[in-house]
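Understanding the architecture of this molecule
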Amino acid sequence: MGSILEESRTVLEGFFSAPIAKAITGAATKRANAAGQEGDPNWSAALFAELTRLLAVYLPDPSRRGDCMARLEVLGQSVISTRFGGSAALRPPPVPRLDSFGMGEVRKAEPRRASSPSGERPRAPKVGTTSVVVRDEVDIPNACEVAKDLARKLGFSLVDQTKMATAVSELARNMLQYAGGGNIRFAEVLAPRRGLEAFFEDNGPGIADLEGVLDPKYRSTTGMGMGLRGSKRIADEFLIDTQPGDGTRITMRKYVA
Amino acid sequence: MTPQVRVPVIKLRDVLLVPMREHIDDRAMMRLVEEVGERISTDRARGVIIDVSGVDVLDSFMTRAIRDLALSARLMGAITYLTGLQAAVAMTLVEMGLDVPGVRTTLNLDRALAELERDTKRRGIADSELEELLVKN
């Protein structure tokens, strides 16, 4: 049997693409490491609590989320019972803090209630998931078009469609300029509110000084700071997961206002 | 794949009109900046009007390119106007903290032409003042 992390990742890979599964387990590990030593009951509890919390954000479909959680729970119980003689119960999760995810900052949008209390509301046509490969400069306008089109289908206002497309333009250009290209995955978000998520992934050098780049005083000759900060200001949620030498993964979300 | 977009540069009396119609790619934008620079000197233009009414995405690269275009045009004695900025684009620029310093903006092409006419008259005076200054120093 592999480590808890590997096992969890395998479970998650049944529901997400491999890089996203990796990003989620990575984020959960960071939080778990803050709670205790690896293998410690506190550590495991924190890990599973964080995984559960992240799933609630990243797996909006309730039936799939339930399925995924059930599998993780089985895994959690078996790991805890085999390693610690079944004495350690899963502890209640620590107070969820979105900004603990990755190195980036998250600006959390004001929570809004669905139009009807039951959560049942008229659905616009589903847009599903769309991927765009960025390999060349001509792919950037293309990616913007896709973003704008999806945003329009989801019911974004013209201003928000434009904002989404502009942020995609900035981040796609950064990927091309600093990492030689990458992938963008667009997905419809249903919870906590309806919206559009764009996930940017590259295998470039990563951002060594993220805080510096996000600092308003930072000016790169090529303008990465402007693009990154500007996109962050536009987004309702913005996560940057980057390590020097390990590429950059940016998740940005905008909700339908 | 998006076809390569080429933006026309139209000479209209002593003004160069640049109607940008869609979100052009970076290479096309750089080509455009170069071309406008060359055309200002070959066509002896006093003004450049960049019409962006057909552009629905202006990002930091594009605004920087427009700024560079305007600054180099100014060094060659031409005033640059940006006209027809869509409301959604303007609001996005503001929220992103982007700006196009050194570029005058007008609501539409008509106003750009009117202002340009006024400004070139006024600049005629400014130019002579400048020459005086240069002679003095």
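First, a word on what this report is: a plain description of the structure on this page.

Definitions and cut-offs
Residues numbered from 1 in each chain as written. Chains lettered and ligands numbered in written order. Predicted model: local features only at pLDDT ≥ 70, side-chain atom pairs only at ≥ 80, totals over all residues. Heavy atoms only, no water. Patch = residues over 30% accessible without salt bridge, like charges linked within 9 Å, V, L, I, M, F, W, Y side chains within 5 Å. Areas by Shrake-Rupley, 256 points an atom, 1.4 Å probe, with all protein chains shown as cover. Salt bridge = Lys/Arg side-chain N within 4 Å of Asp/Glu carboxyl O. Helix = DSSP H or I, 4+ residues; strand = E, 2+ residues; numbered from the N terminus. Buried < 20%, exposed > 50% of the residue type's maximum accessible area, 1.4 Å probe, protein only. Contact = heavy atoms within 4.5 Å. Pairing = 2+ DSSP bridges. Axes fitted to C-alpha atoms, helices over the stretch in contact; angles between N-to-C directions. Buried area = accessible area lost by both parts, 1.4 Å probe.

**Overview of a nonpolar patch on the surface**
Taken together, L12, L109 and L113 of chain B make up a surface patch of nonpolar side chains, about 210 Å² in accessible area. As for its placement among the helices and strands, L113 of chain B is situated in helix α4 (residues 109-136).

**Regarding the environment of C68 of chain A**
Residue and element names in this part refer to chain A. Residue placement: C68 occurs in helix α4 (residues 62-84). Looking at C68, the relative accessible area reads 0%, which means it is buried. On a C-alpha basis, the gap between C68 and L55 in space is 8.3 Å, while along the polypeptide they are 13 residues apart. If we ignore the near neighbours within four places in the chain, the residues touching C68 are V11, L12, F15, L55 and L59.

**Let's talk about the sheet that holds strand β5 (residues 248-255) of chain A**
Residue and element names in this part refer to chain A. Judged by pairing direction, the sheet is antiparallel, and its five strands sit side by side in the order β1-β2-β3-β5-β4 without closing on themselves. In this open sheet, the two edge strands, each paired with only one partner strand, are β1 (129-134) and β4 (237-242). Between one strand axis and the next, the sheet turns by 15° as a mean value, whatever way the strands run. Relative to strand β3 (residues 195-202), strand β2 (residues 182-189) runs antiparallel, the two being bridged by seven bridges. Bridge pairing in β3 links N183 to E201. Packing against the sheet, helix α5 (residues 139-153) makes contact with β1, β2 and β3, and its axis sits at approximately 165° to β1.

**Comments concerning the interface of chain B and chain A**
Between chain B and chain A, the contact holds 24 residues from the first and 25 residues from the second. Between chain B and chain A lies a buried interface of about 2200 Å² when both sides are counted; carbon and sulfur atoms form 55% of it. The interface formed by chain B and chain A holds five salt bridges in total. Here D59 of chain B and R173 of chain A are joined by a salt bridge, their closest N and O atoms 2.4 Å apart.

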